[in-house]
Amino acid sequence: MPLDSRPPTDPASTLDARFRSAIHAVSQRDADPQIRPSTNPAFGDYQANAAMSLAKETKGNPRELAAALANAVDLAGIAEPPVIAGPGFLNIRLESSFIVAMLAAMDNASLGVGVTNETHAVVVDLCGVNVAKQMHVGHLRATIIGDTIARVFERVGRTVWRENHLGDWGLPIAMTLAALRRANVDLDQLTLNQLNSAYRTAQLEGRSDEAGLAAAYATGAGPHRIAELLAQQMSAGAAIVDAKSTLLRLQGGDAEVVAAWEKIITCTMREVYASTATLNAKVTAEHNRGESFFRDRLAPVVDGFIKAGLAKEDQGAIIVPFADRERPLLIRKSDGGFLYATTDLAALRFRTFDLNGSRVIYVVDARQRDHFKDVFDAAALIGWDRTKDGEKAEITHLGFGTVLGKDKRPLKTRSGENFTLKDLLDEAIERGISEVTRRAQDPNAPTHSLSATELARVGRAVGIAAIKYADLSNDLTKDYVFDLDRMVAFEGDTGPYLQYAHARIANMLAKAKDSASDIASANHAVAEPAERALALHLLRYPQMILDVTRTLETNRIGAYLRTLAELFNAFYQSCPVLKSEDDTLRRARLRLCGLTRDVLHDGLSLYGIEAPERM
RNA sequence: GUCCCGGUAGCUCAGUUGGAUAGAGCAGCGGCCUUCUAAGCCGCAGGUCGAUGGUUCGAAUCCAUCCCGGGACGCCA
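In this report, we go over the structure that sits alongside the text. (Residues numbered from 1 in each chain as written. Chains lettered and ligands numbered in written order. Predicted model: local features only at pLDDT ≥ 70, side-chain atom pairs only at ≥ 80, totals over all residues. Heavy atoms only, no water.)

For chain A, the helix and strand inventory stands at 23 helices and 13 strands. Principal-axis analysis of the C-alpha atoms gives chain A an extent of 85 × 70 × 45 Å. Counting only residues that meet the buried cut, chain A has 51% of its 615 residues in that class. For chain A, restricting intrachain contacts to residue pairs at least 6 apart in sequence, the fraction spanning at least 24 positions comes to 74%. (Helix = DSSP H or I, 4+ residues; strand = E, 2+ residues; numbered from the N terminus. Buried < 20%, exposed > 50% of the residue type's maximum accessible area, 1.4 Å probe, protein only. Contact = heavy atoms within 4.5 Å.)

See below:
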């Protein structure tokens, strides 16, 4: 099934097809019927908005056209005859039997989500950690957003490559290695804190860039950039000489330096994997493909651009100029060294060609927007935006906003350091565990019988859900204020709210005396308004996922699930399930509950959020 | 200076790509538990959608010009 085809269990798919033929019959046009869920339940379940825009094109009367469509459309067994309203809206109320049939069709392991026959891979650049640096809140976003994007594509059957493009090569790493050696640190006992402080020391000691400063003046760079370079100039030292010789030894494969290099990578990644595991993000050693992987592909990148006549020398550096803008892309420094743009070009070519990716998604800080635009445009110039079999790849920079503190400035600790991810996760988990434990004191709580270990497991899941949901359910491109108190309040629009709805259903289903086969053979309950609203929303799940594969807007998942949980809670309030004496009604409601539970569970899994059975 | 991204309720944010009366959650006020889990539900109050003009049956959404905030702008990544 192609990815752009409509889910067969979604009523909007059927309505779209029927109205499309009606439009063709009436006007000989192939136009979008503009089927939308009704804005108000009083209007019906769906509305077709095509009459207005179609009338504009044909210079006809919108209400007359709407009437003609209502007359021409065949909705037998699907919906009642459409009702014309306002300037030309067509309001549609579905037959209950049709809703029940669609629910039955999606109520299986697939949940109505089809598997694509697209065989090209999806490549997701995520996490993006640097060796010798602790993960901070920026890495939180790159990791969990990337993981969610990957999960969504996996859900529709795509082959997905998670690429952790870690910064494990080049002068910064060599400077750190040199600093560690000068400090006589035993690398076998190395802690990440030691490593991190060595990295910062090395950065301070080694910053100097005369060529850069000269070029900055010559090209009229911004004052900010020049001030930055001047500050670096102040602290030039012998450290840079030491670092450069270390870099040469590393590049030359010197056994001693390479061994030290591997040790600092191991040290860094130990904590990275601990954090990704805590976050329930699938980022492990198998996803590592850092800068060092591309080290032998950098010179060929530059050669390739030169041979293609796309690059030229400028002030000793090699640049790729663009026709539509002043700013060129620098791919080799005047001292012969390569830059991150060079590595990114090598990596992009690897992703489209070697990994055969027709969709390449970079989950990286939005501030790198211009950089990626340049890299993508340069790749397009030379034709590296094509898969192995020549298909044009869709390459996207999914730039996320900055995490801010309550003061609206980038999040820092009291002392001005970046917030480490670990501290943040530890605090969220602690809050989750204490909250779950507190509630378990109540003898009537479903969690009362759980052991401390089990409570800790649930509390952990709750705390992590709070953080992940708060991040993933916002517009990714915007900055957001990180307020842990608000996130772990567990009331209102939160991850735990969704988990709670799920746990209620799971607990109810566990208590049900009806056999699984009795429930499975019942028709889903749709008679009551609360049931019907819940049912209609369940049917939109597959289309929601397809929308996310197109837009990469992970907040749509959160919005969908929140509405689902709200509709379920409203249903739960007004429609007794286990208390229903009538066997048919009870089983019908249990079946609706079961499907809701499955969709909630599946949806939460796209966020990598656990759904405990009790909480 | 050039370019990019934002501005929606007191606060934090949605708004299904131009549709009907702009929605949630916090915070505030008022109801609902001898419990199918109150981490919930129902109600009240809260808005010149940054500003002005334009496009049209119809604009928070599209176009233009301003205002405010943030970011990027050649040898760091």
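Glancing now at the packing of helix α5 (residues 137–155) against helix α16 (residues 452–472). Two numbers describe how α5 lies on α16: the axes approach to 10 Å, and their chain directions differ by 80°. Relative to α16, the element α5 is oriented roughly perpendicular. Of the residues in α16, those touching α5 at L140, R141, I144, I145, D147 and T148 are I467, K468, D471 and L472. Here the residues of the contact of α5 with α16 are counted per class, giving five nonpolar, one polar and four charged. (Axes fitted to C-alpha atoms, helices over the stretch in contact; angles between N-to-C directions. Parallel < 35°, antiparallel > 145°, perpendicular 65-115°, else oblique. Nonpolar A, V, L, I, M, F, W, Y, C, P; charged D, E, K, R; others polar.)

Next up on the list: the pairing of strand β5 (residues 121–125). In terms of burial, β5 is a largely internal element, five of the five residues being buried. With burial as the criterion, each face of β5 is covered, one bearing A121, V123 and D125 and the other bearing V122 and V124. Across five bridges, β5 lies against strand β6 (residues 159–163) in parallel orientation. Across the sheet, the residue bridging to V122 is V160, located in β6. One crossover worth recording links β5 to the parallel β6 by way of α5, and it is right-handed. (Pairing = 2+ DSSP bridges. Right-handed = clockwise from strand over helix to strand, strands pointing away.)

Here we come to the side chain of H139. Mapped onto the secondary structure, H139 falls in helix α5. The class of H139 is buried, set by a relative accessible area of 8%. Beyond its immediate chain neighbours, meaning those up to four positions away, H139 contacts C127, G128, V129 and Q134.

Core analysis: the biggest nonpolar cluster contains 148 residues, and L94 and Y541 have the highest contact counts within it. Counting residues in hydrophobic clusters, the runner-up holds 31 residues, among them F294, A347, F350 and I395. (Core = buried A, V, L, I, M, F, W, Y, C linked by side-chain atoms within 4.5 Å.)

In terms of burial, strand β11 (residues 394–400) is a largely internal element, five of the seven residues being buried. Relative to β11, strand β10 (residues 357–365) is paired through seven bridges, and the arrangement is parallel. In the sheet register, D365 faces β11, and the bridge partner there is F400. In this region the chain leaves β10, passes through helix α14 (residues 369–382) and returns to the parallel neighbour β11; the handedness of that crossover is right-handed.

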